[in-house]
Amino acid sequence: VYLKPRIQEVSGAGIDTLRNQSGGRYKTCHLCSKGKEIKDFSMVFITPYGDRWHTSKTCSGLKRTIRSVPLSEVGLPPCSKCN
């Protein structure tokens, strides 16, 4: 769910009332919505665990690059969502 996000199209007017699965508010994406206000868009894109709203479904902020590596090479803490 977190690595392969489900992208939802929602009303820009209602984004202030929506919360992600962790209870957080959605903020402006610094990549596709830079310098723009939510009132400028009738529809925006969000994901259940994301914390940004996007003006483009193809925004790189919505994409995840997933690759498999041996656990011994990770060097990062476990995911707080699925571990």
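Procedures and definitions
Every residue gets a number counted from 1 within its own chain, in the order that chain's sequence is written. Local features in this predicted model are restricted to residues whose pLDDT is 70 or higher, and side-chain atom pairs enter the listing and the counts only when it is 80 or higher, whereas totals over whole chains, interfaces and linings include all residues. No hydrogens and no water enter the side-chain calculation; it runs on all heavy atoms of the structure. When a carboxyl oxygen of Asp or Glu is within 4 Å of a side-chain nitrogen of Lys or Arg, the pair counts as a salt bridge. Put simply, DSSP marks the helices as runs of H or I at least four residues long and the strands as runs of E at least two long, and each gets a number from the N terminus on. Only protein chains enter the accessibility calculation, which uses a 1.4 Å probe. A residue is then buried if its area is under 20% of the maximum for its type, exposed if over 50%, and partly exposed in between. By definition in these notes, contact holds between two residues if any of their heavy atoms fall within 4.5 Å. Centre distance within 6.5 Å is the pairing criterion for rings of Phe, Tyr and Trp, where only the six-membered ring of Trp is used; planes under 30 degrees apart are then read as stacked, over 60 as edge-to-face, and the remainder as tilted.

Colleague: Teacher, can you tell me more about the pattern of salt bridges here?
Modeller: The final tally for this structure, using the stated rule, is two salt bridges. Among the ionic pairs, Asp-51 bridges to Lys-27, the shortest N-O distance being 3.9 Å. Linking Asp-51 in the loop between strand E3 (43-46) and strand E4 (52-53) with Lys-27 in strand E2 (residues 27-28), this pair joins segments that are 24 residues apart in sequence. A relative accessible area of 33% places Asp-51 in the partly exposed class. With a relative accessible area of 43%, Lys-27 lands in the partly exposed category. Across the pair Arg-52 and Asp-51 runs a salt bridge, and its minimum N-O distance is 3.5 Å. Judged by its relative accessible area of 30%, Arg-52 falls in the partly exposed class. Overlapping salt bridges, with partners in common, bring together Lys-27, Asp-51 and Arg-52 in one network.

Colleague: Explain the environment of Gly-61 to me, please; I cannot follow it from the model alone.
Modeller: With respect to the helices, strands and loops of the structure, Gly-61 is situated in the segment after E4. Given a relative accessible area of 31%, Gly-61 falls into the partly exposed group. The contacts of Gly-61, once residues within four sequence positions are left out, are Leu-31 and His-54.

Colleague: Explain the packing of aromatic side chains here, please?
Modeller: The geometry of an aromatic ring pair is captured by two quantities: the separation of the ring centres and the angle between the planes. Taken as a whole and assessed by the stated rule, the structure comprises one aromatic pair. Aromatic side chains Phe-41 and Trp-53 sit 6.0 Å apart centroid to centroid with 55° between the ring planes, which places their arrangement in the tilted category. Here Trp-53 lies in strand E4 and Phe-41 lies in the loop between E2 and E3, a separation of 12 residues in the sequence. By relative accessible area, which is 21% here, Phe-41 ends up partly exposed.

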